[in-house]
Amino acid sequence: TSHYDPARLNYNTTYYYVACSNVYGKEVYGEVKTFKTSDFSATVTCYSENVDKTTATISGALIVTSKETLSQSVTLYYGTKNSSADELISNGQRMSISLNQDGNFSTNLSSLINGTTYYFVAVANVYDKVFNSAVKSFSTLTPSCPSGAVNLGLSVCWATCNLGASTPEQYG
């Protein structure tokens, strides 16, 4: 009995194999057989757009070149720590992405923290082989304060003087 792990085979490669048995202390070999693994290539790209204070859109594409139809999926990983793709995959937030017929995708991230830099990577799984985009980043916008207000970097706009006072020196 023998078995193989297809995930450990190279793509677009011809493999040769032969069955071997031990019969009464003598090795007996079968006929040499061959098979060839699938011939395909894949590229995944992604970018950010429409970044606001608490939302962003991540768009991209999975381009697969193959003579046959292959199973494929894309997952987005993102976080606030400047990380490698492997670190984002291990520790980032995860979001499955739906692909259009042409391999394009677009998804919205919400409930983001304003004034924060996010790092993201799109990971495609095609025929049990993994393809990563480059790690990219975007920064959510920092809210602007109305005229006369002060931004102390605490996500709150502060008045220049107390309520009821007309100058900063008055108690109000």
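The structure displayed is predicted, hence computed values, not measured ones. By convention here, each chain's residues receive numbers from 1 onward along its written sequence. Local features in a predicted model are, by the rule used here, given only for residues with pLDDT of at least 70; side-chain atom pairs are given and counted only at 80 or more, and totals for whole chains, interfaces and linings are based on all residues. By convention in this description, side-chain values take in all heavy atoms of the structure and omit both hydrogens and water.

Caption draft 1: Molecular detail of the overall build of the protein chain. Strands here are runs of E lasting at least two residues and helices are runs of H or I lasting at least four, both read from the DSSP assignment and numbered beginning at the N terminus. Assigned secondary structure in the protein chain consists of 1 helix and 14 strands. The reference for a compact globule is 2.2 Å times residues^0.38; the radius of gyration itself is calculated from the C-alpha atoms. Taken against the 2.2 N^0.38 rule, which gives 16 Å for 172 residues, the C-alpha radius of gyration of the protein chain at 28 Å runs more than 25% over that of a compact globule. Overall, the protein chain is about 105 × 35 × 20 Å in size when its C-alpha atoms are taken along their principal axes. Only protein chains enter the area calculation, which uses a 1.4 Å probe; residues under 20% of their type maximum are buried, those over 50% are exposed, and those in between are partly exposed. Burial statistics for the protein chain: of 172 residues in total, 26% are counted as buried. We call two residues in contact when some of their heavy atoms are within 4.5 Å. Residue pairs in contact within the protein chain that sit at least 24 positions apart in sequence constitute 53% of those at least 6 positions apart. Accessible area of the protein chain: about 11,900 Å², with a carbon and sulfur share of 48%. Throughout, the Shrake-Rupley method with a 1.4 Å probe supplies accessible areas, and for residues the shown protein chains are the sole cover considered.

Caption draft 2: Quick peek at the nonpolar core. Side-chain atoms within 4.5 Å are what join buried Ala, Val, Leu, Ile, Met, Phe, Trp, Tyr and Cys residues into a set we call a nonpolar core. Counting residues in each nonpolar core, the largest one holds 22 residues, and the members touching the most others are Val126 and Phe138. Counting only elements with at least two residues in this core, the list comes to β5 (40-49), β6 (56-66), β7 (72-79), β9 (104-109) and β10 (117-126). Broken down by element, this core gets its largest block of residues, 5 residues, from β10. Setting aside chain neighbours within four positions, we find Val126 in contact with Phe40, Ala42, Leu62, Val64, Leu70, Ser71, Gln72 and Phe131. Residues Tyr77, Leu88, Tyr119 and Val121 belong to the second largest nonpolar core, which totals 6 residues.

Caption draft 3: Structural context of a nonpolar patch on the surface. Each patch is built from residues that are more than 30% exposed by relative accessible area and take part in no salt bridge. Like charges join if they lie within 9 Å; nonpolar side chains (Val, Leu, Ile, Met, Phe, Trp, Tyr) join within 5 Å. By definition here, a salt bridge exists when the distance from a side-chain nitrogen of Lys or Arg to a carboxyl oxygen of Asp or Glu is within 4 Å. A cluster of nonpolar side chains, namely Tyr16, Val18, Tyr29 and Val32, defines an oily patch on the protein surface of about 460 Å² accessible area. Looking at the secondary structure, you find Val18 in the loop between β1 (14-17) and β2 (20-23). Assessed through its relative accessible area of 38%, Val18 is described here as partly exposed.

Caption draft 4: A look at the sheet that holds β5. Taken together, the 3 strands give an open sheet; going across it, the order is β5-β6-β9, and neighbouring strands pair in antiparallel fashion. Lying at the two open borders of the sheet, with one neighbouring strand each, are β5 and β9. Here the average twist between neighbouring strands, direction ignored, is 20°. Note on pairing: two strands pair once DSSP finds at least 2 bridges between them. Relative to β6, β5 runs antiparallel, the two being bridged by 10 bridges. In the sheet register, Ala42 faces β6, and the bridge partner there is Val64. Every axis in this analysis is a line fitted to C-alpha atoms, fitted for helices over the stretch in contact. Angles between the N-to-C directions lie between 0 and 180 degrees.

Caption draft 5: Layout of the environment of Gln93. Within the secondary structure, Gln93 is located in strand β8 (residues 93-97). On the basis of relative accessibility, which here comes to 48%, the residue Gln93 falls in the partly exposed class. Apart from residues no more than four positions distant in its own chain, Gln93 is found in contact with Leu76, Tyr77 and Tyr78.

Caption draft 6: View of the pairing of strand β3 (residues 26-29). Alignment of β2 against β3, held across 4 bridges, turns out to be antiparallel. The partner of Ser21 across the bridge, within β3, is Val28. From the end of β2 to the start of β3, which pair antiparallel, there are 2 residues, and Tyr24 there has a positive phi angle of about 50°.

Caption draft 7: Looking closely at the packing of aromatic side chains. Pairs were defined over the aromatic rings of Phe, Tyr and Trp, the Trp ring being its six-membered one, requiring ring centres within 6.5 Å. Orientation was assigned from the angle between planes: stacked under 30 degrees, edge-to-face over 60, tilted for the rest. As enumerated under the stated definition, the model contains 4 aromatic pairs in all. Judged by centre distance (5.5 Å) and plane angle (15°), the ring pair of Tyr118 and Phe138 falls under stacked. Here the residue Tyr118 occupies a position in strand β10, and Phe138 occupies one in strand β12 (residues 136-139), the gap between them amounting to 20 residues. In this structure, Tyr118 and Phe138 share a single accessibility class: buried. By the ring-pair criterion, three or more aromatic residues cluster together here, those being Tyr15, Tyr17 and Phe35.

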